[in-house]
Amino acid sequence: MSATVSSTYRNVGKGLPRRDGEEKVRGLAAYADDIPVPDGWHGWVVRSPVSRGRLKKLNFDPAFDWSRVCVVTPEDIPGENVVDMVGRDMPFIAHDWIQFKGEPIALVAAPTRALAREAASHITPEIEEQPAILTLREVVDQFQRDPKSLHEMVAQTISKGSVEQGFAEADVVVEGEYWSGHQEQLYIEPQGMVAFPEPDGGIFIQGSLQCPYYVAPELIVTLNLPLEKIRVKQTAVGGGFGGKEDFPTLIAGYCALLAMKCGKPVKIIFDRNQDILYTTKRHPSWVRHRTGLKRDGTITAMKVDFLLDGGAYTTLSPVVLYRGILHSTLGYKCPHVYVDGHVYRTNTFPNGAFRGFGAPQAIWALESHMDRCAHKLSMAPEAFRLHNALRLGDTTATGQTIAEAMGTPTVLENTLAHSQFVEKQKRCSRGDPKADCWYGIGLSFFAHGAGFTGDGESRLKAKAALDLEILHDGEPGINIRISSTEMGQGTFTIMPQIAADGLAIPLDRVCCPHPDTKYVPDSGPTVASRTTMIVGSTVFDAARKLKTQLEAYASETFFGGAPTELNNGLFKNTYTSVSLPFERVAKQLIAEKGPQRVYHQFQLPASLKWDQKTFKGDSYPSYSWGCNVAEVEVNPLTLEIKVLRITSTWDIGRVINPVLAKGQVEGGLTQALGYAVMEKMGIKNGVFDANRMQTYVVPTSMDVPEMDIHFVEYPYTHTALGAKGVGEVSMDGLAPSVANAVEAATGVRLTEIPITPEKLWEKLRETASSAI
């Protein structure tokens, strides 16, 4: 069941401290706003005051001295006025139609932030305002009446077997609808970027970002520059959670366009209000489940409608939709499945990447619905899940066979045991009017696809490089050159652990600098639970290559051609007791031949097959698995909901660093707690109503419950390390377990998150009225 870490690993599997921890605690880490910008100017974005309309012209106040500032309008863009993401439907600066309130209509730069802001206030647009769609509920209403009247961004279906046959075979059919709203990433450091014009006509961009090789290629067509003239370097990042995946291309583009026109470095740093109002959020969702069941609990059919609010432009919505629909039935065996997924436009700020990437919305609906199915059959929720859970040899909705041992159903069984779920269910209040406090316990069981969907990793061709060179301390060592970024999750710690073990050298001889496209190959984006699994594996294999080269050099140079092995930082041959330290051999090699670089490129197994058009085949290289049990108390008078305890078990493959893995789980569960019961964000006058930290409520240390976290190891067998993803799976499943616990406590089912006392009061009142 649980794999044992090989004795050949000295660092992998150990909870070593964060390498970037001390500089952050001491305030020495350099974030985007800490970058020295001599003679730098400040940028500001002029925004539309309406949600939808036709832009007729911009008026520039003649009383303002425009010679003191630099202004960029669409006519100043050297290339195409388009953000070169999926869909290519969003302009950098609106030039015809306005699609959301706050859409950029001009850019301004000035020697001070105050002057840039003042100049922006003297630019006023003339807009012919048009009717706008602002909420997902408007979309769903039109979808059910006249879907062709909506602006569809993307659609995709999944089909397996015949749902008509599955429903014909069913004894019972259970239906349910589930809603979720926007969620703000609320990273501690707001968005920020600086662009420096280069003497050769290029541009050097530094800032807070997740994906250097998203920003650089996506600016080629807009800046009309070749890739080699767009250099992107990550600064220290104060959290990302997906919010610094797609959006940094926009703010980098604003800075670059201004810098190229005025000939000076330009910095844009958002304040918190700007960051909430004018950055991407988690997609609101509406999911409708219809499930066929046998009396014994067997699922015969699953039909799912899955709708997302994309906001005004496509951005990454297709990819979010794909992951969402792939997770909408994941975890359970069913012979007949049909999933119908759509993303529709609303005239609000475009939605984008957020930790989980569509899976939290899907799993919120799925695991809420699985409890309802169990209840309909009078089955215990854990028994229903154990009866239907995917196991070795079963197939998913896309036809992928579970071909290697994974954490299903072990994570479920372990969590049930650790939480004493069955025993505690007997204590549930079910809305008992005599109880002083209502207690409930609920569970969720789920999986998360690790790596890019389908054959995405084959198309990406992730690369890693290791440079053998003289380090900052004057001694030889290794610099890991990857585009994977550190944003709090531990990349700068686990990658040296992996490389040091691959090379069999001391950990202190390995560094992992901030990625800079001038020096690093494209390892792919820091997204999709792929960094440790894919890039870590690639770094390990590169380390093995370099180890072989070093052993060959040591053999020829120092041991007369005798077989030589590098182990624990020492070169030894089989014929003598003589040994040489890594540093001596490496220093001589560098002196003779210069710094050495070794590359490795990741390859998926040839057996993996995927059809992107039909969504059939192997949808992910592997899966992480999780199970949450949440215990709650509800005050019958105030209806305040308190999550008391979370018990969870996780299969994330081989655990590279247990301390950091546990930290990722704790962080994901805390963020999911906010999604479940706190983080409410609506639309008012076309923009987000909770636009500052006083009104957007997130969990604090006072709200975080006791967490009992366990790991089981089912390594991914295609890589030597066997790691899978941990960053996103921990976000996926808490909301439904809390909803299931709230129902066990109160006797009523909530189908929209966040679950608030107000919604609970409405539901209890509705239930009481219907009982009269």
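Quick note: structure is the one above.
Keep in mind the model is a prediction, meaning the values are calculated, not measured.

K.L.:
How would you sum up helix α15 (residues 491–503)? Please name residues and give values.
P.N.:
An α-helical turn contains 3.6 residues, so a residue and the one three or four places further along point in the same direction. Relative to the 18 Å expected for 13 residues at 1.5 Å per residue, α15 spans 18 Å between its end C-alpha atoms, a close match to the ideal helical length. Burial analysis of α15 places 13 of its 13 residues in the buried class, which makes it a mostly covered element. Positive phi appears at Ala 504, one or two residues downstream of α15, with a value of about 65 degrees.

K.L.:
Go over the side chain of Gln 664 with me, naming the residues and quoting the values.
P.N.:
Summarising the element assignment, Gln 664 is placed in helix α18 (residues 658–677). Judged by relative accessible area, which is 15%, Gln 664 ranks as buried. Residue contacts for Gln 664: discarding those within four places in its chain leaves Arg 355, Gly 488, Gln 489, Val 726, Gly 727 and Ser 730.

K.L.:
An account of helix α10 (residues 359–376) is needed here, citing residue identities and associated values.
P.N.:
The end-to-end C-alpha distance of α10, which contains 18 residues, comes to 25 Å, matching closely the 26 Å that a straight helix rising 1.5 Å per residue would cover. Most of α10 sits out of view: 15 of its 18 residues are buried. Positioned one or two residues after α10, Ser 378 has a phi angle of 60 degrees, which is positive.

K.L.:
Can you tell me about the packing of aromatic side chains, naming the residues and giving the values?
P.N.:
Each aromatic ring pair is described using two quantities: the centre-to-centre distance and the angle formed by the ring planes. One pass over the structure, following the stated rule, counts 20 aromatic pairs. Between Phe 100 and Tyr 313, the ring centres sit 6.2 Å apart and the planes meet at 80 degrees, which makes this aromatic pair edge-to-face. With a gap of 213 residues between them, Phe 100 in the loop between β4 (97–98) and β5 (104–110) and Tyr 313 in the loop between β14 (299–311) and α9 (317–327) connect regions that are remote in the sequence. A relative accessible area of 3% means that Tyr 313 is categorised as buried. Between Phe 247 and Phe 349 the ring centres are 6.3 Å apart and the planes differ by 45 degrees, which places this aromatic pair in the tilted class. In this pair, Phe 247 is assigned in the loop between β11 (230–234) and α7 (248–262) and Phe 349 in the loop between β15 (337–345) and α10, connecting sequence segments 102 residues apart. The exposure class of Phe 349 is buried, given its relative accessible area of 6%. Ring pairs connect the aromatic residues Phe 100, Phe 247, Phe 270, Tyr 313 and Phe 349, which therefore count as one cluster. Above the plane of the ring of Phe 204 lies Arg 231, whose end atom (NZ or CZ) is 4.0 Å from the centre. The side chain of Arg 290 reaches across the aromatic face of Phe 167, ending 4.3 Å from its centre.

Rules of the game
Residues numbered from 1 in each chain as written. Predicted model: local features only at pLDDT ≥ 70, side-chain atom pairs only at ≥ 80, totals over all residues. Heavy atoms only, no water. Helix = DSSP H or I, 4+ residues; strand = E, 2+ residues; numbered from the N terminus. Expected span 1.5 Å × (residues − 1). Buried < 20%, exposed > 50% of the residue type's maximum accessible area, 1.4 Å probe, protein only. Contact = heavy atoms within 4.5 Å. Phe/Tyr/Trp six-rings, centres within 6.5 Å; stacked < 30°, edge-to-face > 60°. Lys NZ or Arg CZ within 6 Å of the ring centre and 35° of its normal.

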